[in-house]
Amino acid sequence: MAVTVPGTSGQPLTVGSGAGTNGLLAQVLANAIILAGQGSVLSSQGASVGGSVPSPSGGAGTQAELVLSGSASGTASVPSGYNFIVNNATAPVTVEGGGSPTALLSGTIGGTFLVNGASTVVASGGSNVIYDAGSGYDLSVGNGNSTIVGSGSGTIQGGTGTNLVFAGQSSTNSNTSLVLSAGSQDTIAVLGGSSTVNATGASTLLFGTFSSTAGALSVSVGGSQATLSAGMSSVTVTTSGASGLVFGGFGSSSGSLSQDDTGSNTTISAGISNTTLTLSGTHALAFGGFGTTPGSLTVLDQGTGDTIAAGNSATSVTAGAGSNGLYVFGGGGTLNFVGGAGGATVVGGSGAETLDGGSGPLVFAGGSGNATVVGGSGGTTLFGSSGGVITYSGSTGHALYAALGGNETLNAGGSSTNNQFFGGSGSDSIVGGSGSDTLLAGAGSDTFSGGSGSNMFVFLKSLTAGSTDFITDFNSNDQLLLSGYGLASEQSAVGSAVSSGGSSTITLSDNTKITFVGVSNLSSVLTSSNTHPF
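The following refers to the structure shown.

Criteria and cut-off values
Residues numbered from 1 in each chain as written. Predicted model: local features only at pLDDT ≥ 70, side-chain atom pairs only at ≥ 80, totals over all residues. Heavy atoms only, no water. Helix = DSSP H or I, 4+ residues; strand = E, 2+ residues; numbered from the N terminus. Rg over C-alpha atoms; globule rule 2.2 N^0.38 Å. Buried < 20%, exposed > 50% of the residue type's maximum accessible area, 1.4 Å probe, protein only. Contact = heavy atoms within 4.5 Å. Areas by Shrake-Rupley, 256 points an atom, 1.4 Å probe, with all protein chains shown as cover. 1 Å grid on protein atoms, 1.4 Å probe; cavity = no way out; pocket = protein on both sides within 12 Å on 5 of 7 lines; lining within 4 Å. Points joined across faces, edges and corners; volume = space filled by probe spheres on them. Core = buried A, V, L, I, M, F, W, Y, C linked by side-chain atoms within 4.5 Å. Phe/Tyr/Trp six-rings, centres within 6.5 Å; stacked < 30°, edge-to-face > 60°. Polar contact = N/O pair within 3.5 Å; in protein donor to acceptor, adjacent residues only side chain to side chain. Pairing = 2+ DSSP bridges. Arc of directions from axis to C-beta.

1. Let's talk about the overall build of the protein chain
Looking only at helices and strands, the protein chain has three helices and 51 strands in total. At 37 Å, the protein chain has a C-alpha radius of gyration far larger than the 24 Å of a compact globule built from 534 residues. Seen along its three principal axes, the alpha-carbon backbone of the protein chain occupies a region of about 125 × 40 × 35 Å. Within the protein chain, the proportion of its 534 residues that are buried is 49%. Of the contacts made within the protein chain by residues no fewer than 6 positions apart, 17% connect residues no fewer than 24 positions apart. Of the roughly 19400 Å² that the protein chain leaves accessible, carbon and sulfur atoms contribute 54%.

So, in structure tokens, the structure goes:
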């Protein structure tokens, strides 16, 4: 692709140009030169690279054009006042654009171009170095590997090569820049101020500002394997490619991180930024903050197979429409979880947790912190942990609780559904609600309170192994199931019950002891209709 512009002595000059936006910008610049020529206000002069460059000619109202030529590398120091510079050299050259803004058009050979202020540079190909020390610039390259520096406010358009881009300046936060990146393995550093970056190529590496002049950074990443490090900038980013990596802020003055991810296998680390995420892709992995000053983490999950690890952040996770196969790991901060229609698994940490189940199944493995769980219609499966306390309530669905090792507490007194509770190997305290619950003793010492419903208390000889258990509220509406002991053993145990302090204790054949708290006369609550030995 090429554009044609007026040359010296009015002769047309063809200059190679790039594709896409670079080619369009080259044509716009060419049209401006042509229009000046048609209006008889264009004064064109030529110069050889490495030689002296004349000052612009013409009077008031004239637009000056300089055409550079040469077949060897060299430097052209251009005086101020040229409106247009056309580089037609056939070897890479250095053009020093003088002190005034200019519009520079270079072909596909590449070069180094140093301009100022509201300048336009279109370098259509080759490997280029472009530096603009002012603001209002528009800098564009083609398919070569280029370095572009815009130290003020302006627009930078990278081509399809591998480019290094610096936008803004570290001494001020008043800059605003737009960076359009289409290359593969581009590196973009925002040195200060606010910037908008649109990166569509693969393996882009983007850095926010690492200084107090950091402003807002708005980013759209469409390519795969991109990496973004926010620095101290406040970042709003959308990611749609595969295997992206996003880091929140570092340092005491870091800004916030807001991300909308529709890609796959994206990894996000919040750093110390207050972080808000919307996950709508697949298999995202998000980490909250670590250290002593983590920011908050707020997540709306609408994706498939996502994993969220809270770290030390105060974390809020909502499973929205489309969320399924979600894993959430609590940490040192508080965790608030709201379930949705898809299945979710939540693993508690050392902080306090609050969970509200949805219409999908919820699995919760408690941590060392206290947890409050409201069951949803999809059902809830709870696993305790040593030292953990779980308070459960719910009017829809059902709950299954399994104590593991250590001493655990489950209080389901606020539940009205029919639930199943399993004791573990430690000393467990399990409280049922108003539903008809099933409570099964484990190898440890269990204390059961069935609640106001008609409950079944189950003791399996293969599990209890001589444990000492307590039932605090057994009545004639409840059921007692003794598995593995046989009728004769049950009758012997009940017949030899020991009453003390208003309570009665039976001892089974494997030395398992069951104390019926507050029951001084077992025959008043244990009958052949509610006792089931086998």
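So, next bit.
2. Notes on the environment of Gln 225
Counting through the fold element by element, Gln 225 comes out in the loop between strand E20 (214-221) and strand E21 (227-231). Gln 225 sits 172 residues away from Gly 397 along the chain, and the two C-alpha atoms are 42 Å apart. Once residues within four sequence positions are removed from consideration, Gln 225 is found in contact with Ser 203, Thr 204, Ala 242, Ser 243 and Gly 244.

3. Points about empty space enclosed by the protein
For the structure shown, the criterion picks out two cavities of 30 Å³ or more. Roughly 90 Å³ of volume is contained in the largest cavity. Considering the residues around the largest cavity, the lining is formed by 14 residues, among which Val 221, Ala 226, Thr 239, Gly 244 and Val 246 are closest to the centre. Sorting the residues of the lining of the largest cavity by element identifies E21 and strand E23 (245-249) as the ones contributing at least two each.

4. What to know about the nonpolar core
Counting 91 residues, the largest nonpolar core has Phe 337 and Phe 516 as the members making the most contacts within it. Ranked by size, the runner-up nonpolar core spans 14 residues in total, among them Val 3, Ile 33, Val 86 and Ala 103.

5. Observations concerning the environment of Gly 351
By the secondary structure assignment, Gly 351 is in the loop between strand E33 (344-347) and strand E34 (353-356). For the pair formed by Gly 351 and Gly 331, sequence separation is 20 residues and the distance between their alpha carbons is 6.1 Å. Those residues in contact with Gly 351, other than ones at most four positions away along the chain, are Gly 331, Gly 332, Gly 333, Gly 369 and Asn 370.

6. Let's talk about unusual backbone geometry
Within the chain, Gln 185 stands out as a residue other than glycine whose phi angle is a positive 65°. Of note in this structure, His 283 is not a glycine but carries a positive phi near 55°. Locating His 283 in the fold gives a position in the loop between strand E26 (275-279) and strand E27 (285-287).

7. Section: the packing of aromatic side chains
This structure, assessed with the given rule, holds three aromatic pairs. Ring geometry for Phe 448 versus Phe 457: centroids 6.2 Å apart, planes at 45°, classification tilted. A relative accessible area of 0% means that Phe 448 is categorised as buried. Here Phe 457 and Phe 474 contribute two aromatic rings whose centre-to-centre distance is 5.7 Å and whose plane-to-plane angle is 50°, an arrangement assigned as tilted. Here Phe 474 lies in the loop between strand E46 (468-471) and strand E47 (479-483) and Phe 457 lies in strand E45 (residues 456-460), a separation of 17 residues in the sequence. In this structure Phe 457 comes out as buried when scored by relative accessible area, which is 0%. What makes Phe 474 buried here is its relative accessible area of 4%.

8. Re the side chain of Ser 449
Mapped onto the fold, Ser 449 is located in strand E44 (residues 446-449). Owing to a relative accessible area of 17%, Ser 449 belongs among the buried residues under this scheme. Of the polar contacts made by the side chain of Ser 449, one reaches the side chain of Thr 472; its length is 2.4 Å. Not counting residues up to four positions away in its chain, the partners in contact with Ser 449 are Ile 430, Val 431, Gly 432, Leu 439, Thr 472 and Asp 473.

9. Quick word on the pairing of strand E42 (residues 428-431)
Covered by surrounding structure in E42 are Asp 428 and Ile 430 only, the residues Ser 429 and Val 431 on the alternate face being uncovered. As paired strands, strand E40 (residues 409-415) and E42 are joined by three bridges and run parallel to one another. Its bridge partner lying in E42, Asn 411 is registered against Val 431. With four bridges joining them, E42 and E44 adopt parallel strand pairing. Across the sheet, the residue bridging to Ser 429 is Thr 447, located in E44.

10. Concerning the environment of Ser 492
Structurally, Ser 492 is set in helix H3 (residues 487-495). Residue class for Ser 492 comes out partly exposed when judged on its relative accessible area of 48%. Placed 359 residues apart in sequence, Ser 492 and Ala 133 show a C-alpha to C-alpha distance of 98 Å.

11. Description of H3
Buried residues of H3: Ser 489, Glu 490 and Ala 493, and no others. Taken end-on, H3 shows its buried residues confined to a sector of 100°, consistent with a single buried face. Exposed residues pointing more than 90 degrees away from the buried face of H3 are listed as Ala 488 and Gly 495. Check the buried side of H3 and you find it contacts E47, strand E49 (503-507) and strand E51 (531-533).

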